[in-house]
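Read off the chains here:
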Amino acid sequence: MPRSEPAVCACPFCVAGIASAAFADDERFLALYDISPVLPGHSLIVPRRHVKSLLGLSDEELAAMMVFARRTTRLLTRVFSADGFDWAIQDGAAAGQTVPHLHLHIIPRHDGDLPDPGDWYPALIASEAATIDSRLRPRLTTAEHAQITEKLRAFAAADSDQA
Ligand SMILES: [Zn+2]
């Protein structure tokens, strides 16, 4: 017998206090440092409201998400001195989505950071799959995650001062 939906979403991107883990945010979106980065700088753009799919966003929300994601990508590119970046959305279980709350991966890239530039995607899949078994997944400690978030937050605040 399936239990009824809780009044408050129990997904990891809807837990109380998630916004305080963000290094940048606006009224609709959060930028979170990935707890298990496949490469340095790996971050997530997450809508504050629980929405499973990109297809569930209004046109206005989609536009706002792209602008916020680009701003965050600029920040990450600068802080990590990246030469490029990957964006990825896994939308639906068939596409490898493991957390049923829309999230865009941003992965800063450097020349020669992986044997083949395309190797980031298998690494992402392995990282997501290993969520189920944390022994397989090199995770940041809470302290490490807080430290990088604090650093990025300072850069993000400096950016908004200039705006
Ligand atoms: Zn959620």
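This text gives an overview of the structure that appears in the document. Given the structure is predicted, the values throughout are model-derived calculations rather than measurements. (Residues numbered from 1 in each chain as written. Predicted model: local features only at pLDDT ≥ 70, side-chain atom pairs only at ≥ 80, totals over all residues.)

Our focus in this paragraph is unusual backbone geometry. One non-glycine residue, Ser 81, adopts positive backbone phi at about 45°. Its place among the elements puts Ser 81 in the loop between helix H1 (59-79) and strand E4 (84-88). (Helix = DSSP H or I, 4+ residues; strand = E, 2+ residues; numbered from the N terminus.)

When you tally the buried positions in strand E2 (residues 29-33), you get 5 out of 5 residues, the bulk of the element. Of the two faces of E2, the one carrying Phe 29, Ala 31 and Tyr 33 and the one carrying Leu 30 and Leu 32 are both buried. Where strand E1 (residues 24-25) meets E2, 2 bridges bridge the pair, whose relative direction is antiparallel. Paired with Ala 24 across the strands is Ala 31, a residue of E2. Counting the residues in the hairpin turn of E1 and E2 gives 3 residues. In the sheet, E2 pairs with strand E3 (residues 43-47) via 5 bridges, with the strands oriented antiparallel. (Buried ≥ 20, exposed ≤ 12 C-beta atoms within 10 Å, placed from the backbone. Pairing = 2+ DSSP bridges.)

This part covers H1. Helix length check: H1, at 21 residues, gives a terminal C-alpha distance of 30 Å against a target of 30 Å (1.5 Å per residue), a fit within 8%. Looking at H1, one finds that the buried residues are Phe 68, Thr 72, Thr 73, Leu 75 and Leu 76. All buried residues of H1 project into a common sector of 160° when viewed along the axis, lining one side. The exposed residues of H1 that point more than 90 degrees off its buried face are Asp 59, Glu 60, Ala 63, Val 67, Arg 74 and Arg 78. Immediately beyond the C-terminal end of H1, within one or two residues, lies Ser 81, with a positive phi of roughly 45°. (Expected span 1.5 Å × (residues − 1). Arc of directions from axis to C-beta.)

Take the sheet that holds E2 next. Across the sheet, which stays open at both edges, the 5 strands sit in the order E1-E2-E3-E5-E4 with antiparallel pairing between neighbours. Single-partner strands in this sheet number two, and they are E1 and E4. Sheet analysis places E4 next to strand E5 (residues 104-109), joined by 5 bridges and oriented antiparallel. Looking at E5, one finds that Gly 84 is bridged to Arg 109.

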